[in-house]
Amino acid sequence: MASLLAVRSFVPRPSVAVSPFPVDLSTAFLLRPSSHPGCLRHASGYAYKQRVFHIRAIGFDLGTETGKGETMFGHKVQRAHSDFKSLNDVRSLTPLSWLFAGTEKHAENLTKAAASMLLYQNVLKGRPAQAFLKLLLLLQKGRIQDILEAYGDLYSSLAAGDHLSWQDYVLEEVLIGKFNCFARAAAKGELPKSSSLHKAAAYDLDILQKLAVAETTLVSWVEDVSRSLPQGWPAAAASSGPSSKTQQEACKAEALDLPSDLAAPDFIKAPLTPQQRSAYRANIGGKRRWAEALPELQYYHEAYGFGITAASSTLKWAGGFLEVHTPPTGQNRRRADTGESTCTDALVQNTINFLNNTDYESSMLIPTGAPGSAVAWDSYLQEVAPLGVRLVQLTSADVMQLADVALTLQQYPRVKFAVVCAAMMCSEGSGAHAALHSVLTGGDWPDNAILYAASPLTVSESISSCFSKVL
């Protein structure tokens, strides 16, 4: 039932026309004095008069946040706004809308924020991110069936990628830094401590922090726009956490071992363990603003690289690009029992010299047809990977693309590569022979890489002369 409220208002003298309409309190306090229905700014004089208005409800913003599920005036309140600096800030808003931040408005603002990013756009290119953006669009104007389907796609894609949560996925993509100018410049050692890229990266990190909405909040938004949901769905959809032993181990974050001055090493170090990466994500996510983690993030790229080289020590050449290669397990052997000690030790020592930039061979040919000349590549990898070397495996057919391989490796000047072709089939006058001669003798082979080619066949003098040493 409507209540009565006596309001003292300014009204002009009888000689001045007065509006007969009652004042709408939803707008009365947001208008300039000259615009009030019962007030003319330039009247010669004013008199007080009591008027009675019918008011259904009146509320005041006390600058506090309501609890989960609370309502105000029949609306679900997401957050109260209390940071108005002047009355002009209030007047610029739609009447009383500043008291409410509805789900549709939240989704619209986040969609606009996602579109405004400057450097980290690739974070939102993956399947989980695309499902999240689709969910935001559907929360604005979409059927509940489509909304539930989009949320299910987000949930399943996060689980398939062994991500603990939507925020965990976002932070992992930030660390990867794929197609990111800030990450690339830092990994190359070309980024100063302050630049325009820092400003752009700081802006994007704050945007990503807003986009990293908790699953419980997303579920509450779905509940807000739907009249009914399947029983048990909200509790199941809001659940997150490690679902496998691998995830449980990754959750055991190790303490970050950062130098006090965050000075970059001479070259890119070995990739971090899952526990160490978890510690980095926790460090960024624990900041009041993610942008405050920029110094640590720059050091991460300077020390561990970006993109695929920061993800794994074992890579392969596939279709003109580098890809992560997972070596088969259970094949480790003791070199002393297989007669492969001599060649493998020689390659390991040459690789160490390469890392120290002292007296090393840039390319070596290993004829494996002779007894005792085989190489235990798994043992070689175990010894050199912790030193920071990235092993790139080539097939015999890939040798013809050696020029493209060299060009790709040049894009990572502070990463040390050992390119290995474990079974090179190369005949004189073939395309592989031409590629070896052009790249290795023509000065196109990059300084940050060494090449090891093992051939089970007898090679001609013209082929072996392409290499700096034959074992």
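Structural data are supplied above this passage.
Residues numbered from 1 in each chain as written. Predicted model: local features only at pLDDT ≥ 70, side-chain atom pairs only at ≥ 80, totals over all residues. Heavy atoms only, no water.

**Observations concerning the overall build of the protein**
For step 1, the next point in the chain: In terms of regular secondary structure, the protein is built from 18 helices and 11 strands.
For step 2, the next point in the chain: Looking at the protein as a whole, 41% of its 471 residues are labelled buried.
For step 3, the next point in the chain: Of the contacts formed within the protein by residues at least 6 apart in sequence, a portion of 77% connects residues at least 24 apart.
For step 4, the next point in the chain: Of the roughly 25100 Å² that the protein leaves accessible, carbon and sulfur atoms contribute 53%. (Helix = DSSP H or I, 4+ residues; strand = E, 2+ residues; numbered from the N terminus. Buried < 20%, exposed > 50% of the residue type's maximum accessible area, 1.4 Å probe, protein only. Contact = heavy atoms within 4.5 Å. Areas by Shrake-Rupley, 256 points an atom, 1.4 Å probe, with all protein chains shown as cover.)

**Observations concerning the sheet that holds strand 5 (residues 314-318)**
For step 1, the next point in the chain: The strand order 6-5-8-9-10-7-11 describes an open sheet built from 7 strands, whose pairing is mixed. Of all the strands in the sheet, the pair left with one neighbour each is strand 6 (321-324) and strand 11 (469-470).
For step 2, the next point in the chain: By the bridge criterion, 5 bridges tie strand 7 (residues 363-367) to strand 10 (residues 449-455) in an arrangement that is parallel. In the strand pairing of strand 10, Ile366 is matched with Ala454. (Pairing = 2+ DSSP bridges.)

**A look at the pattern of salt bridges**
For step 1, the next point in the chain: Throughout the structure, instances matching the rule amount to 10 salt bridges.
For step 2, the next point in the chain: The salt bridge involving Asp168 is made with Arg281; its shortest N-O contact spans 2.8 Å. Of this pair, Asp168 sits in helix 6 (residues 166-176) while Arg281 is found in helix 12 (residues 274-285), placing the two residues 113 residues apart along the sequence.
For step 3, the next point in the chain: Using a relative accessible area of 11% as the deciding quantity, one classes Asp168 as buried.
For step 4, the next point in the chain: Under the relative-accessibility criterion, Arg281 is labelled buried at 11%.
For step 5, the next point in the chain: The closest approach of N and O atoms between Arg281 and Glu172, which form a salt bridge, is 2.7 Å. On the criterion of sequence distance, the pair formed by Arg281 in helix 12 and Glu172 in helix 6 is long-range, its members being 109 residues apart.
For step 6, the next point in the chain: Of the residues examined, Glu172 reaches a relative accessible area of 12% and is grouped as buried.
For step 7, the next point in the chain: Residues joined in a network through salt bridges with shared partners are Asp168, Glu172, Arg277 and Arg281. (Salt bridge = Lys/Arg side-chain N within 4 Å of Asp/Glu carboxyl O.)

**Regarding unusual backbone geometry**
For step 1, the next point in the chain: Notably, Leu262 is not glycine yet its phi reads approximately 50 degrees, a positive angle.
For step 2, the next point in the chain: Owing to a relative accessible area of 16%, Leu262 belongs among the buried residues under this scheme.

**Observations concerning the pairing of strand 6**
For step 1, the next point in the chain: Looking at chain direction, strand 5 and strand 6 are connected through 4 bridges and run antiparallel. Counterpart to Lys316 in the pairing with strand 6 is Glu323.
For step 2, the next point in the chain: A loop of 2 residues connects strand 5 with strand 6, the two strands running antiparallel in sequence, and Gly319 in this loop sits at a positive phi of about 60 degrees.

**Details of helix 16 (residues 402-409)**
For step 1, the next point in the chain: Here helix 16 has its buried residues at Leu402, Val405, Ala406, Thr408 and Leu409. Here the buried residues of helix 16 occupy an arc of 160 degrees about the axis, which is enough to place them on one side.
For step 2, the next point in the chain: Where helix 16 is buried, its residues touch strand 5, strand 6, strand 8 (389-394), strand 9 (416-421), helix 17 (431-441) and strand 10. (Arc of directions from axis to C-beta.)

**A few points about the packing of helix 3 (residues 103-115) against helix 8 (residues 196-211)**
For step 1, the next point in the chain: Where helix 3 meets helix 8, the closest approach of the two axes is 10 Å, and the angle between their N-to-C directions is 150 degrees. The angle between the axes of helix 3 and helix 8 places the two elements in the roughly antiparallel class. With respect to the hand of their crossing, helix 3 and helix 8 are arranged in left-handed fashion. Listed contacts from helix 8 to Leu110, Ala113 and Ala114 of helix 3 are Ile207, Lys210 and Leu211.
For step 2, the next point in the chain: In terms of residue class, the contact of helix 3 with helix 8 is built from 5 nonpolar, no polar and 1 charged. (Axes fitted to C-alpha atoms, helices over the stretch in contact; angles between N-to-C directions. Parallel < 35°, antiparallel > 145°, perpendicular 65-115°, else oblique. Left-handed = near helix turned anticlockwise from the far one by under 90°. Nonpolar A, V, L, I, M, F, W, Y, C, P; charged D, E, K, R; others polar.)

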